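Chains, contacts and geometry: an overview
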There are 2 protein chains.
Amino acid sequence: MRYEELTELAQQLRVDSVRAADAAGSGHPTSSMSAADLAAVLLAHHLRYDFSDPENPANDRLVFSKGHASPLLYSLYKAAGAIDDEELLTFRKRDGRLEGHPTPRLPWVDVATGSLGQGLPVGVGMALAGTYLDRLPYRVWVLSGDSEMAEGSVWEAAEHAAFEKLGNLKLIVDVNRLGQRGPTRHQHDLGAYARRLRAFGWHTIEVDGHDVEAVDKALTEAVEVDERPTAVIAATRKGRGVAAVEDQEGKHGKPLPDAEAAIEELGGPRFVRVEVEPPPAASARRVRDREPLELPRFELGAEEATRTAYGRALAALGSARGDVVALDAEVGDSTRTEYFEKEHPDRYLEFYIAEQQLVAGAVGLQACGWVPFASTFAAFLTRAHDFVRMAAVSRAGINLVGSHAGVSIGEDGPSQMGLEDLAMLRSVQGSTVLYPCDANQTARLVAAMADLDGVRYLRTTRGETPVVYGPDEEFPVGGSKVLRSGDGDKATIVAAGVTVHEALRAADALAADGIPVRVVDLYSVKPVDVETLNDAAGATGCVLTVEDHRPEGGIGDAVAEAFSDGRPVPRLARLAVRGMPGSATPKEQLHAAGIDAESIAAAVKLLVERIVAH
Amino acid sequence: MRYEELTELAQQLRVDSVRAADAAGSGHPTSSMSAADLAAVLLAHHLRYDFSDPENPANDRLVFSKGHASPLLYSLYKAAGAIDDEELLTFRKRDGRLEGHPTPRLPWVDVATGSLGQGLPVGVGMALAGTYLDRLPYRVWVLSGDSEMAEGSVWEAAEHAAFEKLGNLKLIVDVNRLGQRGPTRHQHDLGAYARRLRAFGWHTIEVDGHDVEAVDKALTEAVEVDERPTAVIAATRKGRGVAAVEDQEGKHGKPLPDAEAAIEELGGPRFVRVEVEPPPAASARRVRDREPLELPRFELGAEEATRTAYGRALAALGSARGDVVALDAEVGDSTRTEYFEKEHPDRYLEFYIAEQQLVAGAVGLQACGWVPFASTFAAFLTRAHDFVRMAAVSRAGINLVGSHAGVSIGEDGPSQMGLEDLAMLRSVQGSTVLYPCDANQTARLVAAMADLDGVRYLRTTRGETPVVYGPDEEFPVGGSKVLRSGDGDKATIVAAGVTVHEALRAADALAADGIPVRVVDLYSVKPVDVETLNDAAGATGCVLTVEDHRPEGGIGDAVAEAFSDGRPVPRLARLAVRGMPGSATPKEQLHAAGIDAESIAAAVKLLVERIVAH
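Residues numbered from 1 in each chain as written. Chains lettered and ligands numbered in written order. Predicted model: local features only at pLDDT ≥ 70, side-chain atom pairs only at ≥ 80, totals over all residues. Heavy atoms only, no water.

1. Quick word on the side chain of Arg 456 of chain A
Within the element layout of this structure, Arg 456 of chain A appears in strand 12 (residues 455-459). Once residues within four sequence positions are removed from consideration, Arg 456 of chain A is found in contact with Val 371, Gly 397, Ile 398, Asn 399, Leu 400, Thr 432, Met 449 and Ala 450 of chain A. (Helix = DSSP H or I, 4+ residues; strand = E, 2+ residues; numbered from the N terminus. Contact = heavy atoms within 4.5 Å.)

2. Observations regarding the packing of aromatic side chains
Here the distance between the centres and the angle between the planes together describe a pair of aromatic rings. Counted under the stated rule, the structure contains 25 aromatic pairs over all chains. Measuring from centroid to centroid gives 4.8 Å for Tyr 49 of chain A and Phe 51 of chain A, while their planes differ by 55°, and the two rings are tilted. Accessibility classification places Tyr 49 of chain A together with Phe 51 of chain A in one group, the buried group. Relative to Tyr 77 of chain A, the ring of Phe 51 of chain A has its centre 5.9 Å away and its plane inclined at 70°; by these criteria the two rings are edge-to-face. On the criterion of sequence distance, the pair formed by Phe 51 of chain A in the loop between helix 3 (36-46) and strand 1 (61-64) and Tyr 77 of chain A in helix 4 (residues 70-79) is long-range, its members being 26 residues apart. Each member of the pair, Phe 51 of chain A as well as Tyr 77 of chain A, carries the same accessibility label: buried. Cluster of aromatic residues (ring-pair linked, three or more members): Tyr 49, Phe 51, Tyr 74, Tyr 77, Phe 91 and Trp 108 of chain A. The lysine or arginine in question, Lys 481 of chain A, covers the ring of Phe 475 of chain A, its NZ or CZ lying 5.2 Å from the ring centre. A cation over a ring is seen here: Arg 61 of chain B above Tyr 138 of chain B, with NZ or CZ 4.0 Å from the ring centre. (Phe/Tyr/Trp six-rings, centres within 6.5 Å; stacked < 30°, edge-to-face > 60°. Buried < 20%, exposed > 50% of the residue type's maximum accessible area, 1.4 Å probe, protein only. Lys NZ or Arg CZ within 6 Å of the ring centre and 35° of its normal.)

3. With respect to helix 21 (residues 555-562) of chain B
Most of helix 21 of chain B sits out of view: 7 of its 8 residues are buried. If you check which residues of helix 21 of chain B are buried, you get Ile 555, Gly 556, Asp 557, Ala 558, Val 559, Ala 560 and Ala 562 of chain B.

4. With respect to the UniProt feature "domain: Transketolase-like pyrimidine-binding" (unreviewed entry) in chain A
Residues annotated in UniProt with the feature "domain: Transketolase-like pyrimidine-binding" (unreviewed entry) correspond here to residues 304-467 of chain A. In residues 304-467 of chain A, helix accounts for 41% and strand for 21%; the two terminal C-alpha atoms are 7 Å from one another. (UniProt positions renumbered as here; feature names shortened; annotations may be inferred.)

5. What about the environment of Glu 411 of chain A?
Take Glu 411 of chain A: it is sitting in the loop between strand 10 (398-403) and helix 17 (421-426). Note on Glu 411 of chain A: relative accessible area 16%, which makes it buried. Separated by 99 residues in the primary sequence, Glu 411 of chain A and Arg 312 of chain A place their C-alpha atoms 26 Å from one another. Residues in contact with Glu 411 of chain A, not counting those within four places in the same chain, are Ser 583, Ala 584, Thr 585 and Pro 586 of chain A together with Ser 26, Arg 92 and Gly 100 of chain B.

6. Some remarks on the sheet that holds strand 3 (residues 169-175) of chain A
All names here are of chain A. Reading across from one edge, 1-2-3-5-4 is the order of the 5 strands in this open sheet, with parallel pairing throughout. Pairing within the sheet leaves two strands with one partner each, and these edge strands are strand 1 and strand 4 (203-208). Each adjacent strand pair in this sheet contributes to an overall mean axis angle of 15°, direction not counted. In this structure, strand 2 (residues 140-145) lies alongside strand 3, joined through 6 bridges in parallel fashion. Within strand 3, the residue paired with Leu 143 across the bridge is Ile 172. (Pairing = 2+ DSSP bridges. Axes fitted to C-alpha atoms, helices over the stretch in contact; angles between N-to-C directions.)

7. Brief notes about the pattern of salt bridges
Two side chains of opposite charge can pair, provided their charged atoms sit close to one another. Taken as a whole, this structure holds 84 salt bridges over all chains when the rule is applied. Note that Glu 350 of chain B and Arg 181 of chain A form a salt bridge whose closest N and O atoms lie 3.3 Å from each other. With Glu 350 of chain B in strand 8 (residues 348-350) and Arg 181 of chain A in the loop between strand 3 and helix 8 (190-199), this residue pair bridges two chains. Assessed through its relative accessible area of 10%, Glu 350 of chain B is described here as buried. We classify Arg 181 of chain A as partly exposed; its relative accessible area is 24%. One salt bridge in this structure joins Lys 481 of chain B and Glu 473 of chain B, with 2.8 Å as the shortest N-O distance. With a relative accessible area of 29%, Glu 473 of chain B lands in the partly exposed category. Within the structure, one salt-bridge network assembled from shared partners comprises Arg 177, Arg 237, Arg 240, Glu 246 and Asp 247 of chain A. (Salt bridge = Lys/Arg side-chain N within 4 Å of Asp/Glu carboxyl O.)

8. Focus on the packing of helix 1 (residues 3-24) of chain A against helix 9 (residues 212-224) of chain A
Residue and element names in this part refer to chain A. Between helix 1 and helix 9, the least distance of the axes is 9 Å, while the angle of their chain directions is 100°. The angle between the axes of helix 1 and helix 9 places the two elements in the roughly perpendicular class. Judged by residue contacts, Tyr 3, Leu 6 and Thr 7 of helix 1 engage Val 212, Glu 213 and Asp 216 from helix 9. Among the residues forming the contact of helix 1 with helix 9, the class breakdown is 3 nonpolar, 1 polar and 2 charged. (Parallel < 35°, antiparallel > 145°, perpendicular 65-115°, else oblique. Nonpolar A, V, L, I, M, F, W, Y, C, P; charged D, E, K, R; others polar.)

9. Observations regarding unusual backbone geometry
Residue and element names in this part refer to chain A. Pro 527 follows Lys 526 through a cis peptide bond whose omega is -5°. Position of Pro 527 among the secondary structure elements: in the loop between strand 17 (524-526) and helix 20 (530-540). Unlike most non-glycine residues, Arg 177 shows phi in positive territory, near 80°. Relative to the elements of secondary structure, Arg 177 occurs in the loop between strand 3 and helix 8. Here Tyr 352, not a glycine, exhibits a phi torsion of approximately 55°, which is positive. Along the chain, Tyr 352 turns up in the loop between strand 8 (348-350) and helix 14 (355-367).

10. Details of the nonpolar core
Within the largest apolar cluster, 177 residues are counted, with the highest numbers of intra-cluster contacts made by Leu 169, Trp 202 and Leu 400 of chain A together with Leu 169, Trp 202 and Leu 400 of chain B. Leaving out residues up to four positions away in the same chain, Leu 400 of chain B has contacts with Val 359, Ala 374, Leu 381, Val 388, Leu 425, Met 449, Val 455, Arg 456, Tyr 457 and Leu 458 of chain B. Of all hydrophobic cores here, the second largest spans 56 residues; its members include Leu 317, Val 371, Ala 507 and Leu 607 of chain B. (Core = buried A, V, L, I, M, F, W, Y, C linked by side-chain atoms within 4.5 Å.)

11. Here we look at the relation of the copies chain B and chain A
With an RMSD of 0.0 Å, chain B superimposes on chain A once it is rotated by 180° and translated 0.0 Å along the axis. Interpreted geometrically, this transformation is the action of a two-fold axis. Of the C-alpha atoms belonging to chain B, the one lying closest to the rotation axis is found on Gly 152 of chain B, 1.8 Å away. When the interface residues of chain B are mapped onto chain A, 100% of them again fall at the interface, so both copies present the same face. (Least-squares fit on C-alpha atoms with pLDDT ≥ 70 in both.)

12. Looking at a negative patch on the surface
Taken together, Asp 22, Asp 258, Glu 260 and Glu 264 of chain A make up a surface patch of like negative charges. With respect to the helices and strands, the residue Asp 258 of chain A is situated in the loop between strand 5 (230-235) and helix 10 (259-265). (Patch = residues over 30% accessible without salt bridge, like charges linked within 9 Å, V, L, I, M, F, W, Y side chains within 5 Å. Areas by Shrake-Rupley, 256 points an atom, 1.4 Å probe, with all protein chains shown as cover. Lys, Arg positive; Asp, Glu negative; His and termini not counted. Charge placed at Lys NZ, Arg CZ, Asp CG, Glu CD.)

13. A closer look at the pairing of strand 18 (residues 542-546) of chain B
Residue and element names in this part refer to chain B. With respect to burial, strand 18 is a largely interior element, 5 of its 5 residues being buried. Of the two faces of strand 18, the one lined by Cys 542, Leu 544 and Val 546 and the one lined by Val 543 and Thr 545 are each fully buried. Relative to strand 18, strand 15 (residues 491-495) is paired through 4 bridges, and the arrangement is parallel. Each bridged residue has a counterpart across the sheet, and for Thr 492 the counterpart in strand 18 is Val 543. Relative to strand 19 (residues 571-575), strand 18 runs parallel, the two being bridged by 5 bridges. Across the sheet, residue Leu 544 finds its bridge partner in strand 19, namely Ala 573.

14. Describing the interface of chain B and chain A
On the chain A side, the residues contacting the 107 residues of chain B number 107 residues. Between chain B and chain A the total buried area reaches about 9,000 Å² when both faces are included, carbon and sulfur atoms providing 48% of it. It is Arg 181, Arg 185 and Arg 383 of chain B that lose the most area in chain B upon contact with chain A, and together they represent 10% of the buried surface on that side. In this assembly, chain B and chain A are joined by 18 salt bridges. Of the charged contacts in the structure, one is a salt bridge between Asp 557 of chain A and Arg 426 of chain B, with a shortest N-O distance of 3.4 Å. For the side of chain B that touches chain A, the residue count by class is 35 nonpolar, 34 polar and 38 charged. (Buried area = accessible area lost by both parts, 1.4 Å probe.)

See below:
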């Protein structure tokens, strides 16, 4: 396209953004208008994308990190012929695909955006896939706002992208000077962003974001630089083209006051249609082998840490499946992903101590068809909570594994203890939460989780626990195991992970005292095994949960939820970590928290007595 | 001290670190040994601190961001005479104060560390207090490792510190080249860190971290630079001084293999005692006025958003109390902290879109005696989850306020909806979780939360809701309000926030259909009002919870928890947001999620029928 045509296209994108927001009665037209010239040049001259085949692995990726500028994205789709004008005007309407912020309800959207600062780290995941795994020549374009450059996650990504020499990553920063409530820190000081990114090892280009010729040259240069990531830092004006809003405070996130006049000021509607260049042909996705899975087998009665079983099972899964990738945040010797690294170094990605980038990397990889397992301490997954939340909005299939769960880690103290992770992961829409108690169970669950949808979480334990299941036992997701039961059971103990072994010891002690109890191993915390819990409740009348986790959001709540459909509810009691632990041995910690065998036995006695007395 | 003495002191710190870890059988002596010279020079020549009066507001702050190097910190305390050798050897022992990672169980520790990358952003909060609020000449020293420079939170802090010209902030980076599992990204390339920090606006000094004379000069220079933050970037060797571990991989986080030989190699025990310079006298904490509180009053039946009531109540609280500070992440026009900003601009802190720094800033401010209210969208508080978790370990008193809760925000879609915030905040140890449904209730709760301990959370709603309580009604934390009740109630509806109004409408419709129900407004989600819930359960036999939140971790779980002490449990059912919302109007969203009046009435009928049928 000639530059005059690009300018026309940009004006069309502005007009359509104004129209979409006006039809919706809400939205962010001014944030769209600032980036219209950038987007026009990108679409018409640089993006390689087959809109009729969004699954084409050779397509460029376009991550719209400033997701609130969705009117601009949807106007691009219209210009590319992917949606029609009628659909454009369904923006933000119920049951439509054009949500307030983009989600993969649209086939051309790989990941949801709208939580700022996530586009670049997710783009890093995609760029890693392109460079090191897919080995395909696609480029990853990330359109970012200037406000979101304040998010630390952007700098985690900037660091990792440069370190990994991601030449296929192209960041475009729309520096429109104004955030939601006023000027950004650096306003139109492009050099502030450029200096920072260059210091991190990026190639940077500063440009007038409304000069289509200059933008075209900048993007051409960005494409040519392929040994390191490039940022095009563009000075723009929010609301560009309409005097009533241009470069003015207080015009964020609302339709234009007079859309009709604005459209006229922008030169009225256009009907420019862009033939977007498809990706180069014959670049099929790399074949990913499948071999029979040979999980590690652990001997009954042996002692092994579930984190170790995880590492070994993941290595085995990696041998069986060429699409499995392991990611870690510089603690692979603790999470035991080091087993995978040793066997599959080409599919092991080290993210250093940057948990947001770790999870965002997994989201980016799965968008490119990989099956990522991202591991760190359970406690430090909280660092990436917003990324996990957005992964669900992205309909992303990712595996998260948190080690060092609970007080049972011992001396390191509360900063290292995952005590809130079950609450965090249970509350994620569509998630699966697994918490094995022994090595064979762990191995089976690792294999099972790889094939599920959504966010899958596995919680592992630092210390060794006895192997209580044979290597051929099966553990369906959504199931549980009844480890002790008899006709005269007076109570049910529901445990998972490290507390299963405490519960078994308590059951033995109680049996010796003439109080037989049922023990349920709730390895699938979400979904939870309603049927088994209901049977146990019916048979014993009361249920005691015991968990190495806070009393809120974990196993106690999961069991309570099983009885939240109006059915009769047994008496419930819960043991959990209520105080703030300090340093102590694992055994002392379990006792101090009141979740060891002794505490369980005492609680069962109180519960049974109370019922008898009632 | 002469340089030879400083070297002796450093060797003593190494010996004591080795001894402490050896006595504990765990810990991080090698990470302590790398920073021993830095710490020795800091303690003896630059820190101004009165160990006999840790509450002295003029004391320098020392934030040990590399918290795993706690043996070094405790060895410093011993050298300063704050603890004795006997206590040093209680390191990591049960009931001791010398935990694996430092916590405020020790009077000289302001904030817990151990989750890497948190020390600098918390230090920024303290430095802001010193510069803009306390106006005291203390310095904030942050000792950081090199691995943690990969955390985005460090760069959020670097940006904010330079932008706010925090000349009192002094970062010391112990670049010992080795992380937990191997080399860091930049190993001994000091320039990599210096270039990045300089690009963000810092003054940087590169130094050999084992040359005490050079370190002394560097810290002197750091003290002299007072117009911007300074980083001393020191090349060191992990395990310095003991050949068996020095600069070697695989020596992280474990006692030295032969402590006795190591101590001999280090020249044996010393008995250097440092007289630490106290802070300049006569610098008392700024007086913070208290005036009678005049909360805004809202008329019964009027419509007002709880977020607006929050903003107005906070402004009023700020007028009554000179110690209240408002913090926001560039969304003050949405959270409505703009009301506070207008009235108290000198106590309003803008953190831009950097939620980790927002919460860390609050933690730092409260450590200096301020009462911070940190606000952003509820959804984006998940970004700071790890900081909230660590705030609890720090015994920090902070107020967090999340706006735009739930699907009721409408068209913006799921990325902007706080749907997991109750789960996250309930699981924080010692937290309080409040969720008002009207403007007067909001105002009262804002006043109440300021005086509580621990992490306090208030959840606000975007849209307007009717005022159902008079301005003089009281709302004790831990209480609830019964809004409808009668002798023949057939069920109890428990709601909070926006669903209270849906529940009231449902109750009216049900009453008209001959099904009287009780309605409980559970404004205090944690602690929860066990007594009222128990009474309602006893009277009605079944309880339906309804919440604009995921089914996990929120009001349904909170009510279930009220019945988790072995008492008889009523039948329970819960309505919550189960699917993934898209864009729609607030009313459509509530209906689609099945939490509007119509859905509630239908659920009550099913529940009551089911019980009758049973």
